Amino acid sequence: MHYYEVIPIGHMVFNGFTYKSDKKLEIGQRVIVDLRGKFISGLIYKESESTEFNKIKEIAFPLDNKSLLNESHIRLMEKVSSKFMAPIGEVARLFFPPLSSDIYKLRILPKSSLAPIQKPVFYKQFLQSFDNTSKANKQLREYLDSNLIEIELYRKEFTKKIDKFVSLKMDLKETWKFNVSKTAREVINYLSINGETLESDLYSQGIVKKGSTVLNTLWKKGIIELSESSATSEENIEVSLSKEQRQAVKSIQVNPDKPHLLYGVTGSGKTEVFFEVAKPILKNGGKVLLLVPEISLTSELMNRLKKRFANYNAAFYHSGLTSSERVQTWYKAVNGELDLVIGTRSAIFIPMKDLKMIIIDEEHDQSYYQIENVSYDAIDTACFRKELEDIQLILSSATPRMVDLHMAKTNSFYLEKIKTRYFTEMPEVQIVDMKKDEKYNWIFSKKVVENIEISLKKNKKIIVFTPTRGYANYVICSDCGYIFKCDECDVSLTFHKKERKLSCHYCGKESELPNFCPKCGGFKLQSRGFGTERVLSELAKLFPSQPLVRVDRTVIKTFKDLQNTFNFMKEPGKKIVVGTKMITKGLDIQDLDLVVILDADRYINFPDYNAQESTASLLMQVAGRSGRKERGKVIIQSFQPENNIYKSLIDHNFDLIAKNDLEQRKIYGYPPFVTLFLILVNHPSADKAKAKANEIVEELGKIENQDDFEILGPVVPIISKLRGNHRNQIIIKSKKKNHEFLFSTLKTYYKDIKIYVNPPTTLV
Ligand SMILES: Nc1ncnc2c1ncn2[C@@H]1O[C@H](COP(=O)(O)OP(=O)(O)OP(=O)(O)O)[C@@H](O)[C@H]1O
Ligand SMILES: [Zn+2]
């Protein structure tokens, strides 16, 4: 008999349970086990010894015929669990693609003509021909051992078709001779903007429906070309790197021992740098994982990447895909069939075969930290992977996180700086003083309106960045001062005019705006502040018949919406784009020459330890979309123009911001100088939340060596109620490296609390 400790995958447990098996199994292999009368999937974690022979249950049957994880993946699991105080059962789940929790839906497939079943059956059906489950499982194990059957975890799709490259055969102008359908016209426009595109991308981006005859028709008419190999493969693309780019590439290539922080101003060509370093790795058969913060960026990069690395297999991995697409990509990556994977946060856990390089683009982005479910930081995880596996790691940003700049400063990372843009100078930044300078109306200054006019005349694009979506930030009764708030959350409701709705941007709850105040019955309700909807309607009045685009979560709900909007934005010619954070990320649009930033003050006064970093980073990133090919302009409207952040923006001096911020953090004790634990206690009853928080603080007070850490709280956080739960907050700051001593106390409260270790914000 063999004994194993098995971790229940996806369960809130900190350790595994012992099971036995008459056959030797591998560490990392997934199995089905009976846990308190229910079949669940588990992971063989380690060998174990047992003395209580009769109590130990048998492993029902294996799910994988061999382990898909290696030793370092198991160590990674432990490290992530211990760093983020996360149950190992939940961490284990991150390593696999989403698997239905209904074990009975597992399918059993015949593998040979001698198999006892000749067509696929569900596990549930299989059980029916036995009088008890353990007999059935035993039989199943025997069939598996003798290779008669196999178990299918996920629905397979057998679509192995050769992808074709599609490109326009003529100039856009010439295509106008042809009378084609609306969809065909869309394809033509898309190809003229994006150049050569894979057929499958046209489907996945919703340009053409799968199975449609549009491409065939265009091909017959001689408008497009379909070919199996790319015309612009790596060999055909001439890239001459700038001196700074070349230096960065060289340093990364000769120093594989530590992570590299690629810190280059917006538009400096960081993407070209990591393409260049990926090249030799791919040539030698190594695999590359490229992380981006947003789904929206995957296709932008994919387009650039496919052109450069046309001869390699590349795929996406993100939540915008169906689970069966994710599963397929995951298996291909694990089997070494993919050379390049572009993914969002969760892709960091894919146990890719022969992985030799991880690149994290826009590494400052807070979406690399998972807040929902089990919380973890994908960048820390990448650093662990680098320690455990033989891989290179590159973190890239124009505005790196303070923690990473500190790592570079203390020589734990190499620093590669690129100080100039590839094509042109950094844009000119002007700050408008909203207290003194001339206004056009209460939203826009005169300067902004004039500059928009100039850019439109030049037929250029303009971004008007607005922090919030909706029409107004809140609605107030001007008789009694009542502000409409969410019932479930302690936040004011945003007004959406078109739908005449009040909406909570935290829990998503919506309600009709009543005609009178629920408190005093008065009719004088006023909406205050502005969001994208209002800015757009004001611009429509100011610039009638100009192309306007709105980009925020109200109008963009799906991956496809986003694709369509971005494609529309990229079409050459003038456009005014009004958008939230969504438009700030990594966009490379060449004829964009003005960025207007409205209401940035809102961020500066956030009561958060990370406010300096996140505001400076956000504003520099938005500003960085301007004038990437020819020098552009940025105008910022503010009531506090004297603020240091704005001053540093004028000279694009992120170093200065970083220097100040790090000094402050050192004095006040924030990461990277301490490890910060944010603990939230949630309960539908405010009293119970408070009592539990007090109890936890009391228990923490009993830990030895109180000098090693500091406890702040409990306090009621700024958002005191969220989704119906009252909240209490405790912050622990620790100077130690290892936190097992806190872990043992906090573990006992795991069901009542949520722990965030070094979260990017304390306002979660
Ligand atoms: N060596 C090069 N040869 C030709 N074009 C280049 C080169 N380097 C950069 N570019 C071009 O300069 C523009 C900006 O480069 P890129 O998008 O890589 O910048 P970035 O540093 O990633 O910017 P951001 O941080 O703002 O996303 C792109 O259009 C890119 O194609
Ligand atoms: Zn709410």
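Residues numbered from 1 in each chain as written. Chains lettered and ligands numbered in written order. Predicted model: local features only at pLDDT ≥ 70, side-chain atom pairs only at ≥ 80, totals over all residues. Heavy atoms only, no water.

- Looking at an unreviewed UniProt entry, one finds the protein chain named Replication restart protein PriA and attributed to Petrotoga olearia DSM 13574.
- UniProt annotates the protein chain under Sequence similarities (unreviewed entry) with the comment "Belongs to the helicase family. PriA subfamily." (UniProt positions renumbered as here; feature names shortened; annotations may be inferred.)

## Observations concerning the overall build of the protein chain
Logical step 1: Along its length, the protein chain carries 23 helices and 36 strands.
Logical step 2: Computed over its C-alpha atoms, the radius of gyration of the protein chain comes to 28 Å, within 12% of the 27 Å expected for a compact globule of 764 residues.
Logical step 3: In terms of principal-axis extent, the alpha carbons of the protein chain reach across some 85 × 75 × 60 Å.
Logical step 4: Sequence-distant contacts in the protein chain: of pairs separated by 6 or more residues, those separated by 24 or more amount to 73%.
Logical step 5: Of the roughly 35100 Å² of accessible surface on the protein chain, a fraction of 49% belongs to carbon and sulfur atoms.
Logical step 6: In the protein chain, the 114 positive side-chain charges and the 95 negative ones have mean positions that sit 3 Å from each other. (Helix = DSSP H or I, 4+ residues; strand = E, 2+ residues; numbered from the N terminus. Rg over C-alpha atoms; globule rule 2.2 N^0.38 Å. Contact = heavy atoms within 4.5 Å. Areas by Shrake-Rupley, 256 points an atom, 1.4 Å probe, with all protein chains shown as cover. Lys, Arg positive; Asp, Glu negative; His and termini not counted. Charge placed at Lys NZ, Arg CZ, Asp CG, Glu CD.)

## A word on the pattern of salt bridges
Logical step 1: On inspection of all chains with the given rule, the structure shows 46 salt bridges.
Logical step 2: The shortest N-O distance in the salt bridge between E387 and K79 comes to 2.7 Å. One end of the pair, E387, is in helix α13 (residues 378-388); the other, K79, is in helix α1 (residues 71-83), and 308 residues separate them in sequence.
Logical step 3: The exposure class of E387 is exposed, given its relative accessible area of 55%.
Logical step 4: The residue K177 makes a salt bridge to E174 at a minimum N-O spacing of 4.0 Å.
Logical step 5: Because the salt bridges share partners, they merge into one network encompassing E272, E276, K279 and R308. (Salt bridge = Lys/Arg side-chain N within 4 Å of Asp/Glu carboxyl O. Buried < 20%, exposed > 50% of the residue type's maximum accessible area, 1.4 Å probe, protein only.)

## Remarks on the sheet that holds strand β9 (residues 165-168)
Logical step 1: Taken together, three strands build an open sheet; the order of strands is β10-β9-β11 and the sheet is antiparallel. Each edge of the open sheet is held by one strand with a lone partner, namely β10 (197-198) and β11 (224-227).
Logical step 2: Of the strand pairs in this sheet, β9 and β10 are connected by two bridges, and their pairing is antiparallel. Bridge pairing in β10 links F165 to L198.
Logical step 3: Each of β9, β10 and β11 is contacted by helix α6 (residues 182-194), which is oriented at about 90° to β9, the strand it contacts most. (Pairing = 2+ DSSP bridges. Axes fitted to C-alpha atoms, helices over the stretch in contact; angles between N-to-C directions.)

## Focus: the sheet that holds strand β21 (residues 428-433)
Logical step 1: What the six strands build is an open sheet, ordered β21-β31-β30-β22-β29-β28; its pairing is parallel. In the strand order of this sheet, the two ends are held by β21 and β28 (548-551), each with one partner. Looking at each pair of strands side by side, their axes are set apart by 15° on average, direction ignored.
Logical step 2: As paired elements, β21 and strand β31 (residues 633-638) share six bridges and run parallel to each other. By the bridge assignment for β31, D433 is matched with S638.

## Observations concerning helix α21 (residues 654-668)
Logical step 1: The first and last C-alpha atoms of α21 sit 21 Å apart over 15 residues, in line with the 21 Å expected at 1.5 Å per residue.
Logical step 2: Residues of α21 that are buried sit in contact with β12 (260-264), α14 (402-409), α19 (611-623) and α20 (644-650).
Logical step 3: The backbone nitrogen of D655 lies 3.4 Å from a side-chain oxygen of the residue at the head of α21, namely N653.
Logical step 4: Of the residues trailing α21, G669 is marked for its positive phi of about 75°. (Expected span 1.5 Å × (residues − 1). Polar contact = N/O pair within 3.5 Å; in protein donor to acceptor, adjacent residues only side chain to side chain.)

## Re the UniProt feature "binding site: Zn(2+) 2" (unreviewed entry) in the protein chain
Logical step 1: Using the residue numbers shown here, the UniProt feature "binding site: Zn(2+) 2" (unreviewed entry) corresponds to C486, C489, C504 and C507. Spanning 22 residues, the named residues form one tight spatial group whose C-alpha atoms are at most 8.7 Å apart.
Logical step 2: Structurally, C489 can be placed in the loop between β23 (474-477) and β24 (494-496).
Logical step 3: If we skip the residues at most four places from it in the chain, C489 touches C504, Y506, C507, K721, L722 and R723.
Logical step 4: Apart from the residues within four sequence positions on either side, C507 is in contact with C486, E488, C489 and R723.

## Quick notes on the side chain of K287
Logical step 1: By the secondary structure assignment, K287 is in strand β13 (residues 287-291).
Logical step 2: Looking at K287, its side chain comes within polar contact range of the main-chain oxygen of G336, at 3.4 Å.

## Focus on unusual backbone geometry
Logical step 1: Of note, the amide linkage connecting P671 to P672 takes the cis form, showing an omega dihedral of 5°.
Logical step 2: Cis rather than trans, the peptide bond between G713 and P714 has omega equal to 10°.
Logical step 3: Mapped onto the secondary structure, P714 falls in strand β33 (residues 709-715).
Logical step 4: The phi dihedral of N147 falls on the positive side, at around 60°, and the residue is not glycine.
Logical step 5: When you line up the elements, N147 lands in the loop between α4 (133-145) and β8 (149-152).
Logical step 6: What makes N147 partly exposed here is its relative accessible area of 46%.

## A few points about the domain arrangement of the protein chain
Logical step 1: The domain boundaries assigned to the protein chain delineate domain 1 (2-152), domain 2 (165-227), domain 3 (237-418), domain 4 (428-470 + 531-665) and domain 5 (675-757).
Logical step 2: Just the C-alpha atoms count here: the centres of domain 2 and domain 3 sit 31 Å apart.
Logical step 3: Across the contact, eight residues belong to domain 2 and five residues belong to domain 3.
Logical step 4: When domain 2 packs against domain 3, the two sides together hide about 530 Å² of surface, and 43% of this comes from carbon and sulfur.
Logical step 5: The largest contributions to the domain 2 side of the interface with domain 3 come from F165, N194 and D201, which together make up 50% of the buried area.
Logical step 6: Linking domain 2 to domain 3 there are zero salt bridges.
Logical step 7: Across the side of domain 2 that touches domain 3, the residue classes tally to three nonpolar, three polar and two charged. (Domains from an automatic or database assignment. Buried area = accessible area lost by both parts, 1.4 Å probe. Nonpolar A, V, L, I, M, F, W, Y, C, P; charged D, E, K, R; others polar.)

## Notes on the site of ligand 1
Logical step 1: Around ligand 1 lies a shell of 21 residues, among which G267, K270, T271, D588 and R628 are the nearest.
Logical step 2: K270 has a polar side-chain atom sitting 2.6 Å from an oxygen atom of ligand 1.
Logical step 3: Here a nitrogen atom of ligand 1 sits 3.1 Å away from a polar atom, N or O, in the side chain of Y422.
Logical step 4: Burial of ligand 1 by the surrounding chains reaches 90%, relative to a free accessible area of 630 Å².
Logical step 5: Ranked by the residues each element gives to the shell around ligand 1, the list is headed by helix α10 (residues 270-283), at three residues.
Logical step 6: A class-by-class count of the residues in the shell around ligand 1 yields five nonpolar, nine polar and seven charged.
Logical step 7: Domain assignment of the residues forming the shell around ligand 1 places at least three in each of domain 3 (237-418) and domain 4 (428-470 + 531-665). (Near = heavy atom within 4 Å.)

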